[in-house]
Amino acid sequence: MNSFFISLGGGNEIGASSYYLHIDGMNFLLDAGLRYVNRKRYPAFSELSKFQFIDGVNDLDAIFISHAHYDHNGALPLLVSKLVEKKDIFCSEYTKKFSEIQLNILKKKMGIPQYELYEDVMVDRTLGMIKECPINQRVTNKEYNFTLYDSGHIPGATMIYLERGEKKVLYTGDFSDREYAITKRYNLPTIENLDLLIINSTYAHRKEDIDSWKLGENQLKKVLEHIKLYKKVNLKINHVNQGMELAIFLNEELENKGNENIKIYVDEPVYQMLSVLKEGEKREYKNIYLYQGYKRGDSCDIYISLKNREELKNIVALNLNYSLHSSYQGIKELILNLNPKKTLITHYSEEDMTGDLIKDLEELGYFNCEYVKNEEIYDF
């Protein structure tokens with residue numbers, strides 16, 4: 001086998017995304033994420049030392065990060081702690097800046113429950129290896145080339161297109177097939193003779209035509225209804241990106257309604273994420289403010305905070321769920337449009353898996369698709 005793929009995490013599960021690629025003698029890693037649930041948190045990096053063709057993570061030639069969500073970048077400090085020498089970690093500008101904020105939150109000294117994972121030196125060494133790369137511009141190295149393409153999903157999220165000799169591989173990361181308040185849909189050129197497509201497929205089991213964002217829109221309306229009734233609402237978030245996304249969605253809703261009386265207060269990490277976007281997109285968020293303490297009285301306020309603040313415990317709390325992933329139809333269309341020699345489906349829930357996607361593809365004449373299982377080898 002000259003070229004093959006192994007999922008170290010995030011194959012037949014959603015979480016801990018990390019995918020190893022061996023292409024004609026070179027070794028690449030796509031993403032290094034965490035599991036959110038309280039079980040084994042990290043990808044199986046140690047599995048790489050069990051194979052003849054790579055002597056563990058120190059033989060990696062390059063590392064790529066598709067976007068700044070913890071299930072795709074949160075295990076980077078652990079990975080880097082295993083490296084004897086510095087490696088290149090490539091990503092987009094936004095992903096680099098967001099990752100700096102996110103990974104600093106994971107320092108033990110930050111004291112945020114459930115986020116106290118790493119010593120300062122592990123995070124600082126990691127941040128020193130991350131290199132930002134332009135989107136839609138081919139980067140040429142001595143033995144391989146790569147291009148980052150917009151994948152939608154969140155700002156800075158990219159698909160990673162790798163070229164090594166005659167081999168061509170595309171990793172989608174998480175992607176969106178529609179526009180949202182924070183990002184546009186994916187933007188990908190025609191790629192001829194693609195050898196391997198690695199496609200993240202959160203909704204590979206949802207054949208019915210479901211608008212994955214409709215639930216989110218309904219929940220935003222629920223927040224505003226609660227504001228009318230209770231004046232104050234505390235939005236519970238699981239990670240800093242969610243805080244940024246909710247703040248932007250709510251701000252857009254309030255601006256569209258011309259309602260400047262309702263204020264959104266976010267804690268410092270969320271505010272830092274928003275500041276990155278404000279600078280990059282040259283826009284203001286009129287209803288969003290840095291949290292500097294609970295506002296008593298009759299003002300209408302929405303609070304978004306990673307920390308369980310004592311002063312917010314007595315106000316109405318809401319948990320919001322939503323998705324910015326591609327629809328079933330979007331997944332199917334991307335596979336058919338690219339028509340790769342082989343497609344590997346990752347980032348799916350094995351419990352929810354059906355055979356519909358592969359069956360539909362075969363009915364349309366495409367027969368080279370399979371579901372990935374963690375730690376199994378797939379040649380291409």
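In what follows, the accompanying structure is described.

Here is what the cut-offs are and how they apply
- For every chain, the first residue of the written sequence is number 1, and numbering continues from 1 onward in sequence order.
- Local features in a predicted model are, by the rule used here, given only for residues with pLDDT of at least 70; side-chain atom pairs are given and counted only at 80 or more, and totals for whole chains, interfaces and linings are based on all residues.
- As a rule here, side-chain values come from all non-hydrogen atoms in the structure, and water together with hydrogens is ignored.
- Two strands qualify as a pair provided that DSSP identifies no fewer than 2 bridges between them.
- Strands are runs of DSSP state E lasting at least 2 residues, helices are runs of H or I lasting at least 4, and numbering of each runs from the N terminus.
- The contact criterion used is simple: two residues touch if any of their non-hydrogen atoms lie within 4.5 Å.
- To obtain each axis, a line is fitted to C-alpha atoms, and for helices this fit is confined to the stretch in contact; angles are then taken between N-to-C directions over 0 to 180 degrees.
- Only protein chains enter the accessibility calculation, which uses a 1.4 Å probe; a residue whose area is less than 20% of its type maximum is buried, one above 50% is exposed, and one in between is partly exposed.

1. Quick look at the sheet that holds strand β10 (residues 167-171)
Reading across from one edge, β7-β8-β9-β10-β11-β17-β18 is the order of the seven strands in this open sheet, with mixed pairing throughout. This sheet does not close on itself; its edge strands, each paired only once, are β7 (139-140) and β18 (369-371). Two elements, strand β9 (residues 158-164) and β10, share five bridges in a ladder whose sense is antiparallel. Each residue of the ladder has a partner; that of I160, found in β10, is Y171. Docked against the sheet, helix α8 (residues 328-338) engages β9, β10, β11 (196-200) and β17 (343-346), running at close to 170 degrees with respect to β11.

2. Regarding α8
The complete set of buried residues in α8 reads Y328, G330, I331, K332, L334, I335 and L338. Among the structural elements, β9, β10, β11, β17 and α9 (356-363) are those in contact with the buried residues of α8.

3. A short note on the pairing of strand β12 (residues 232-236)
Burial analysis of β12 places four of its five residues in the buried class, the great majority of the element. Here β12 pairs with strand β15 (residues 300-305) via five bridges, running parallel. From the neighbouring strand, K232 faces β15, where its bridge partner is D301. Where β12 meets strand β16 (residues 316-319), four bridges bridge the pair, whose relative direction is parallel. Opposite L235, over in β16, you have L318 as the bridge partner.

4. Notes on the pairing of β9
On any regular strand, side chains alternate: one points to one face of the sheet, the next to the other face. A large share of β9 lies buried, amounting to seven of its seven residues. Neither face of β9 is open: one carries T158, I160, L162 and R164, the other M159, Y161 and E163, and all of them are buried. Where strand β8 (residues 145-150) and β9 come together, six bridges link them in antiparallel fashion. Within β9, the position partnered with T147 by the bridge is Y161. Counting the residues that bridge the hairpin from β9 to β10 gives two residues, and of these G165 lies at a positive phi of roughly 60 degrees.

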